[in-house]
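Structure at a glance
Each chain, written out:
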Amino acid sequence: MNGDTVVDIWGKNFLNFDQYLRCGFGPKQVQGEFINEGYIRCISPPSDVTGAPMPLAVTLNNQQFSNPIDYWYYEHPSIFTLDPLRGPDTGGTHVLLKGNNFDPFVDMPINNHNDTCCSFGPLGKVPAQVLNSTKVICVSPPSYTLREVDVEITLNTKDFTTDGVKFNYYRPPFLYDIDPLMGPVAGGTEVHIHGSNFQDTGKIFCKFGDNTVPGKFVTVNELLCKSPRAEKEGYVPFQIAVHGDDFTSPDLVKYLYYDAPVIYSIEPTCGPERGYTQITIHGDNFIDPGMGMVYCVFNGTIFMNTTIYEPDKIKCSSPPVLNAHGVNENKVSFYDVRLTFNNKDLTDSVKRFHYYKEATITSVYPAGGPVSGGTVVNITGKNFHPECACNVTVRFGSYQVAPVINFTDLSLIHI
């Protein structure tokens, strides 16, 4: 209704009669500009009339006018704010414009939605989706040079607002990998995210499937998140956002939730200080996530390789507690044993493995006996009765038997 709109008029039999070529907008007339016999141009005058069509006609002699067509005036729109105020320089951000007078003809026999556009500064116009008179959505175009542009709106492809609301572009974050790629359904796994273009915006988030958790900025190439609890095991998409809710693609990285492994028992429960006792661990939910993921963890710090035999059985070896000189200088008598299936999270269930000083035989009497057995054999040595011994046996070749008489630290007798 403020006028000053450049109105293009197409028809026929237009003549260049200078000051006599005029356009009539209702009772008001303005000078016309001759382009060719089928095209002239006029600038609309101001009007107090909105909500009803204004007859627009052309005269070549300032007396007789052509057939009229409808011309509609509307209240000038205004933009108050944008949501979001920023997006990646690759474009594609759905920007919600909030303001007024975005849909002036909602109850009238005219629809200008196809002529409603957003302007992102010198990046050009993009189509707008009119939601109502106060909300419009436009998709940001890409910008690889400009970091800030003014967003304006037009309802007729020509007259734009001049509100100067800024939209900022940033280089989008790129997600390369996460470590670990899996964790228990209980959550709480510390996940390191590796990529590029990370920024300390204070609005960093990680998304595990449908669950969103806050993230922490470490460097421009690393972020940190803790996995939330999951309802069930399985793979979920993993995404990150460094600017609120602008998340990376859900197709880049998958995160695996698994049921928490449980240790029921270990055997044997003891071994010599020199280590490398083969331990069998019985439990449940023992998965095989691949090489370099599953370990027996002694004392929370010592990771030993494992072999997964069944979903309920794993084997590994005990670490030595002797130094290079064969001395247990830290006086280790036991280690707590746990499992990890992602090289980070340890099982809640724990079993204890005890260490003992290795037994030494100094003499055996007699040195032989009949093949029928039953000979009383006196074996002398040391460390035959450590407190943490779990399965004292005597081996005769490939036969193992338990000592039964005079079992002391220095001697034992087997019949």
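Use the structure listed above.
The following refers to the structure shown. (Residues numbered from 1 in each chain as written. Predicted model: local features only at pLDDT ≥ 70, side-chain atom pairs only at ≥ 80, totals over all residues. Heavy atoms only, no water.)

**Remarks on the sheet that holds strand S6 (residues 69-72)**
How we decide: When DSSP locates at least two bridges between a pair of strands, those strands are taken to pair. Secondary structure elements follow DSSP: runs of H or I no shorter than four residues count as helices, runs of E no shorter than two count as strands, and numbering proceeds from the N terminus. Fitting a line to C-alpha atoms yields each axis, with helices limited to the stretch in contact; the angle taken between N-to-C directions then spans 0 to 180 degrees.
The strand order S1-S4-S3-S2-S5-S6 describes an open sheet built from 6 strands, whose pairing is antiparallel. Edge positions in the sheet fall to strand S1 (6-10) and S6, since each of these pairs with one other strand and no more. Each strand axis lies, on average, 35° off the axis of its neighbour in the sheet, ignoring direction. Across 4 bridges, strand S2 (residues 22-25) lies against strand S5 (residues 53-59) in antiparallel orientation. Note that in S5 the partner of Gly24 across the bridge is Ala57.

**Focus on the environment of Thr277**
Filter applied, for reference: Burial status follows relative accessibility: with a 1.4 Å probe on protein chains alone, a residue under 20% of its type maximum counts as buried, one over 50% as exposed, and anything between as partly exposed. The contact criterion used is simple: two residues touch if any of their non-hydrogen atoms lie within 4.5 Å.
Here Thr277 lies in the loop between strand S24 (270-272) and strand S25 (278-284). A relative accessible area of 14% places Thr277 in the buried class. Sequence separation between Thr277 and Leu85 is 192 residues, and the spatial gap between their C-alpha atoms is 62 Å. Excluding anything up to four places from it in sequence, Thr277 contacts Pro268, Cys270, Gly271, Pro272, Cys316, Ser317, Ser318 and Phe353.

**A word on the pairing of S2**
Bridge count between S2 and strand S3 (residues 28-36): 4 bridges; the pairing is antiparallel. Bridging from a neighbouring strand, Gly24 pairs with Gln29 of S3. Where S2 folds back onto S3 in an antiparallel hairpin, the turn is made up of 2 residues, including Gly26, whose phi is positive at roughly 65°.

**With respect to the pattern of salt bridges**
The cut-off we apply is this: Salt bridges are counted wherever a side-chain nitrogen of Lys or Arg sits within 4 Å of a carboxyl oxygen of Asp or Glu.
Scanning the model with the defined rule gives 8 salt bridges in all. Note that Arg41 is salt-bridged to Glu33, the shortest N-O span being 3.9 Å. In this structure Arg41 comes out as partly exposed when scored by relative accessible area, which is 28%. Overall, the relative accessible area of 40% leaves Glu33 in the partly exposed class. A single network of salt bridges, built from pairs that share partners, joins Asp8, Glu33, Arg41 and Lys158.

**Points about the nonpolar core**
This is how it is decided: In plain words, nonpolar cores are sets of buried Ala, Val, Leu, Ile, Met, Phe, Trp, Tyr and Cys residues tied together by side-chain atoms within 4.5 Å.
In this structure, Ile281, Cys296, Phe298, Leu339 and Phe341 are the most contacted members of the largest nonpolar core, which totals 23 residues. For this core, the elements supplying multiple residues, two or more each, are strand S22 (253-258), strand S23 (262-267), S25, strand S26 (295-298), strand S28 (313-317), strand S29 (334-340) and strand S30 (351-356). Per-element tally for this core: the top contributor is S29, with 3 residues. Apart from residues lying up to four places away in sequence, Leu339 is in contact with Ile263, Ile281, Phe286, Tyr295, Cys296, Ile314, Asp345, Leu346 and Thr347. Counting 22 residues, the second-largest nonpolar core is a separate cluster that includes Trp72, Cys118, Val130 and Ile153.

**Some details on the state of the cysteines**
Selection rule: For the purposes of this analysis, a disulfide is any pair of cysteine sulfur atoms at a distance within 2.5 Å.
In the structure shown here, the tally under the stated rule is 5 disulfides. One disulfide in the model links Cys118 with Cys138; its S-S distance is 1.9 Å. Its S-S torsion of approximately 70° makes the covalent link between Cys118 and Cys138 right-handed. You can see Cys118 sitting in strand S10 (residues 117-120) and its partner Cys138 sitting in strand S12 (residues 135-139), a full 20 residues away along the chain. The same class applies to Cys118 and to Cys138, which are both buried. Disulfide pairing places Cys296 opposite Cys316 at an S-S distance of 2.1 Å. Negative torsions about the S-S bond denote left-handed disulfides, and the value of about -100° found for Cys296 with Cys316 makes this one left-handed. Note that Cys296 is positioned in strand S26 and Cys316 in strand S28, a separation of 20 residues in sequence. Given a relative accessible area of 0%, Cys296 falls into the buried group. Here Cys316 falls in the buried class, since its relative accessible area comes to 3%. The connectivity of the disulfide bonds within the chain can be written as 1-2, 3-4, 5-6, 7-10, 8-9, using the sequence rank of each bonded cysteine.

**Section: the side chain of Thr306**
In plain terms, the rule: Distance and chemistry together define a polar contact, namely a pair of N or O atoms within 3.5 Å, with one atom able to donate a hydrogen and the other to accept it when in protein, and with adjacent residues in sequence counting only for side-chain atoms on both sides.
Relative to the helices and strands, Thr306 is located in strand S27 (residues 302-310). In terms of polar contacts, Thr306 uses its side chain to reach the backbone carbonyl oxygen of Val294, at 3.1 Å. Every residue in contact with Thr306, bar those within four places of it in the chain, is listed here: Val294, Tyr295, Cys296, Ile314, Lys315 and Cys316.

**Section: the packing of aromatic side chains**
Rules: Aromatic contacts are taken between Phe, Tyr and Trp rings whose centres are within 6.5 Å, Trp giving its six-membered ring; a plane angle under 30 degrees counts as stacked, one over 60 as edge-to-face, and the others as tilted. Here, a charge over a ring means that NZ of Lys or CZ of Arg falls within 6 Å of the ring centre while also lying within 35 degrees of the ring normal.
One pass over the full model with this rule turns up 16 aromatic pairs. Taking 6.5 Å as the distance between ring centres and 85° as the angle between the ring planes, the aromatic pair formed by Phe298 and Phe353 counts as edge-to-face. Placement of Phe298 in strand S26 and of Phe353 in strand S30 is noted, with a sequence separation of 55 residues between them. Looking at Phe298, the relative accessible area reads 0%, which means it is buried. Three or more aromatic residues link up through ring pairs in this structure, and these residues are Phe208, Phe238, Tyr255 and Tyr257. If you follow Lys207 out to its NZ or CZ, it ends over the ring of Phe247, 5.1 Å from the centre. When the ring centre of Tyr309 is taken as reference, the NZ or CZ atom of Lys315 above it lies at 5.2 Å.

**Points about the environment of Phe205**
With respect to the helices and strands, Phe205 occurs in strand S18 (residues 205-208). Residue Phe205 is classed as partly exposed on the basis of its relative accessible area, which comes to 28%. Taking C-alpha positions, Phe205 is 9.4 Å from Asp246, a pair spaced 41 residues apart along the chain. In this view, Phe205 contacts Thr212, Val213, Pro214, Gly215, Gln239, Ile240, Ala241, Gly244 and Phe247; residues no more than four positions away in its chain are not counted.

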